[in-house]
Amino acid sequence: QDYDGPLEVVLALGPSRDRTDEVAARIAAGDPRVRTVANPSGRTPEALNAAIADALGRLRRLDPGESGYADDSRAASARLFELQTQLNRLREAGMR
């Protein structure tokens, strides 16, 4: 990815029989940008909701494991968000 802004990763961990939780905990312990949240149901909608609720940033991007986004899509999403923010500020100021 080519996005160089602040980054936070929230991993919503569902029930697992492998070492996913252990590996995720090790990654989170070694990188302050990474956190984990529980997803007891294992269902994607609940995972996304749990991650959103735990996220701290203004700009949130949901990347389910099977999403397959293009390499530059994070940067493009951030640029679009900033343009929308600027447009909203102009509208609030009465400039259409």
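Residues numbered from 1 in each chain as written. Predicted model: local features only at pLDDT ≥ 70, side-chain atom pairs only at ≥ 80, totals over all residues. Heavy atoms only, no water.

Next up on the list: the overall build of the protein. The helix and strand tally for the protein stands at three helices and two strands. Going from the N terminus to the C terminus, the protein shows its helices and strands as β-α-β-α-α. In the protein, which comprises 96 residues, the proportion classed as buried is 16%. Here the contacts in the protein between residues at least 6 apart in sequence split such that 54% fall between residues at least 24 apart. (Helix = DSSP H or I, 4+ residues; strand = E, 2+ residues; numbered from the N terminus. Buried < 20%, exposed > 50% of the residue type's maximum accessible area, 1.4 Å probe, protein only. Contact = heavy atoms within 4.5 Å.)

Counting across every chain of the model gives six salt bridges. We note a salt bridge from Glu 22 to Arg 26, for which the minimum N-O separation is 3.9 Å. Of this pair, Glu 22 and Arg 26 both sit in helix H1 (residues 20-30), separated by four residues, roughly a single helical turn. Put simply, Arg 33 and Asp 31 hold a salt bridge, and the shortest N to O gap is 2.8 Å. (Salt bridge = Lys/Arg side-chain N within 4 Å of Asp/Glu carboxyl O.)

All right, on to the confidence of the model for the protein then. Scored by pLDDT, the protein has a mean of 78; 62% of the residues are at 70 or more. Summarising per-element confidence for the protein, the mean pLDDT is lowest in helix H3 (residues 73-92) (68) and highest in strand S2 (residues 34-38) (92). (pLDDT = per-residue confidence, 0-100.)

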